[in-house]
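Spelled out from the first residue to the last, the chains are:
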Amino acid sequence: MRQVIVLGAGLAGSFLACRLLRQGCHVTLIDDRAPMSASRVAAGLYNVITGRFGSKTWKAETLLAELDAVLKDPFFQGVSQFIHPIHIYRPFKDVEEYNQWSGWSAEPAYHQLVKFEERPLFPEVIHNPLGGIRILPCGWVNIGGLIDRLQDIFRSNGGVVLQGSIPYDQINMGQKTLTWKGEPLGFDQMICCEGYRIRQNPWFEKLPVQPNKGEILEIESEGLDQLPFVITKKVYMVPGESGRWIVGSTYEHLFDDPGPTEAGRAQIEEQLRLVLKVPYKVVGHRAGIRPTTPNRRPILGSHPQWPFLYTLSGFGTKGMLAAPYCSRLMTAHILEGAEVPEELRITQFKAFRPT
Ligand SMILES: Cc1cc2nc3c(=O)[nH]c(=O)nc-3n(C[C@H](O)[C@H](O)[C@H](O)COP(=O)(O)OP(=O)(O)OC[C@H]3O[C@@H](n4cnc5c(N)ncnc54)[C@H](O)[C@@H]3O)c2cc1C
């Protein structure tokens, strides 16, 4: 039986480990459950219209179809309880945006994805004097709950989870062994999915994965109970599972303090007040670090010197939509030699081209 070791059990590693196991591999997953990891902090939105100009996400329909396939797949039983399909409402910021969307919403490319709201919705609760655009096939996910469920599925199908730091100095690539607490584990393939910490991995330290810090608030407000959607307007507001709303986020490439800060909270609250008209109370505050890349795409592929050593990383701000799809591509690449789409290939970066 093929022996595979997966390093890192965030969204990427957890989906990948389950898929490889299902294809008949013996899989060992190593993770230290770091509280700052992006997957443990993320708001979990999946949205196909993003950015300042409201552009359609890369491969929007394909990524949504892959998430839907996971939901319907009996192997991933129990995962659906953590996935909450719900519309996203994006209030117009000015008349120009209103006019743009009035045209775009009628175009075939957007027709199935958005609904034009020409009047304000819930004007007593949120500022949206010009109406907005409702994004239809989207929602949010309790990513922590989802990952724990994926790991339950993984274990109950024979996968092995080892909790602790990855012992990079105990990995012998020549002999294909990793020594864990004195015991050598042989492997045929190893896949590195450490999120922003991939840069501490001696074989992938040259990957252009940049840490990007994000802070998030949790708030309570009675006035929000009636809202049937997520709101995005500078900040996003996501209805959590316990009556708390998640509000985020900040984006920082340069930071000294990786934890929650007063400045981060002030920035989010300043933007929140531009949306919300009702009083609220802040009841939680957390921070995590995203693994971003120059072209905002994940990175898939193998090491030029060690072809059995792979990475699946760089999920940036959109891990929830991209991880189910990219973990499937990666599984097919490792087990069947299937080609990875050009824009995701590790070989686009000079240090990872074969010599
Ligand atoms: C504030 C914030 C909000 C976000 N909101 C959203 C959102 O709404 N929607 C969305 O799609 N995405 C969102 N994201 C991004 C999303 O969280 C990431 O794209 C995704 O979680 C990345 O997953 P990953 O598995 O690649 O990395 P990670 O989540 O970082 O997982 C890596 C894992 O590897 C482990 N690990 C790393 N190094 C070691 C080591 N040396 N030893 C042992 N274990 C190790 C870590 O403990 C971790 O469990 C957000 C991120 C942040 C920070």
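Residues numbered from 1 in each chain as written. Predicted model: local features only at pLDDT ≥ 70, side-chain atom pairs only at ≥ 80, totals over all residues. Heavy atoms only, no water.

Undergrad: Talk me through the site of the ligand; I want residue IDs and the actual numbers.
TA: Contacts to the ligand come from 38 residues, most closely from Asp31, Asp32, Ser39, Leu45 and Gly316. Take Ala12: an N or O atom from its main chain is 3.0 Å from an oxygen atom of the ligand. Those elements that provide at least two residues to the shell around the ligand are α1 (11-22), α2 (38-41), β16 (210-220), β20 (281-292) and α8 (319-336). Counting the residues that make up the shell around the ligand, at least three belong to each of domain 1 (3-42 + 144-209 + 295-352) and domain 2 (210-292). (Near = heavy atom within 4 Å. Polar contact = N/O pair within 3.5 Å; in protein donor to acceptor, adjacent residues only side chain to side chain. Helix = DSSP H or I, 4+ residues; strand = E, 2+ residues; numbered from the N terminus. Domains from an automatic or database assignment.)

Undergrad: Provide a residue-level description of the sheet that holds strand β19 (residues 245-248), including the pertinent values.
TA: Spatially, β8-β9-β7-β17-β18-β19-β16-β20 is the arrangement adopted by the eight strands of the open sheet, whose pairing is mixed. Unpaired on one side and paired on the other, β8 (114-117) and β20 mark the two borders of the sheet. The mean angle between the axes of side-by-side strands here comes to 20°, regardless of whether they run parallel or antiparallel. Inspection of the sheet shows strand β17 (residues 230-233) paired to strand β18 (residues 235-239) by three bridges, in the antiparallel sense. When the bridges of β18 are listed, Lys233 appears paired with Val235. Of the strands in this sheet, β7 (88-91), β8 and β9 (132-135) touch helix α4 (residues 95-104), which is tilted by about 130° from β8. (Pairing = 2+ DSSP bridges. Axes fitted to C-alpha atoms, helices over the stretch in contact; angles between N-to-C directions. Contact = heavy atoms within 4.5 Å.)

Undergrad: Residue-level account of the side chain of Thr57, with values.
TA: Summarising the element assignment, Thr57 is placed in the loop between β5 (55-56) and α3 (60-72). Apart from residues no more than four positions distant in its own chain, Thr57 is found in contact with Asn47, Val48, Ile49, Thr50 and Lys318.

Undergrad: Explain the pattern of salt bridges to me, using residue names and the numbers behind them.
TA: In this structure the tally under the stated criterion is 19 salt bridges. Its salt-bridge partner being Asp32, residue Arg197 comes within 2.8 Å of it at the nearest N-O pair. Note that Arg197 is positioned in the loop between β15 (189-192) and β16 and Asp32 in the loop between β2 (26-31) and α2, a separation of 165 residues in sequence. Given a relative accessible area of 26%, Arg197 falls into the partly exposed group. Residue class for Asp32 comes out partly exposed when judged on its relative accessible area of 26%. (Salt bridge = Lys/Arg side-chain N within 4 Å of Asp/Glu carboxyl O. Buried < 20%, exposed > 50% of the residue type's maximum accessible area, 1.4 Å probe, protein only.)

Undergrad: Let's hear about the packing of α1 against α8: which residues, and what values?
TA: For any two helices packed against each other, the geometry is given by the interaxial angle and the distance between the axes. Where α1 contacts α8, the two axes come as close as 9 Å, and the packing angle between them is 40°. The orientation of α1 with respect to α8, classified from their angle, is oblique. The handedness of the crossing between α1 and α8 is right-handed. Where α1 abuts α8, its residues Leu11, Ala12, Phe15, Leu16, Arg19 and Leu20 lie against Gly319, Met320, Ala323, Pro324, Ser327, Arg328, Met330, Thr331 and Leu335. (Parallel < 35°, antiparallel > 145°, perpendicular 65-115°, else oblique. Left-handed = near helix turned anticlockwise from the far one by under 90°.)

Undergrad: Provide a residue-level description of helix α7 (residues 262-272), including the pertinent values.
TA: All of the buried residues in α7 are Gly264, Ile268, Glu269, Gln271 and Leu272. Seen along its axis, α7 keeps its buried residues to an arc of 165°; they face one direction. Of the exposed residues in α7, the ones pointing more than 90 degrees away from its buried face are Glu262, Ala263 and Glu270. (Arc of directions from axis to C-beta.)

Undergrad: Lay out the environment of Ile5 with the relevant residues and their values.
TA: Within the secondary structure, Ile5 sits in strand β1 (residues 3-7). Taking C-alpha positions, Ile5 is 6.5 Å from Phe187, a pair spaced 182 residues apart along the chain.

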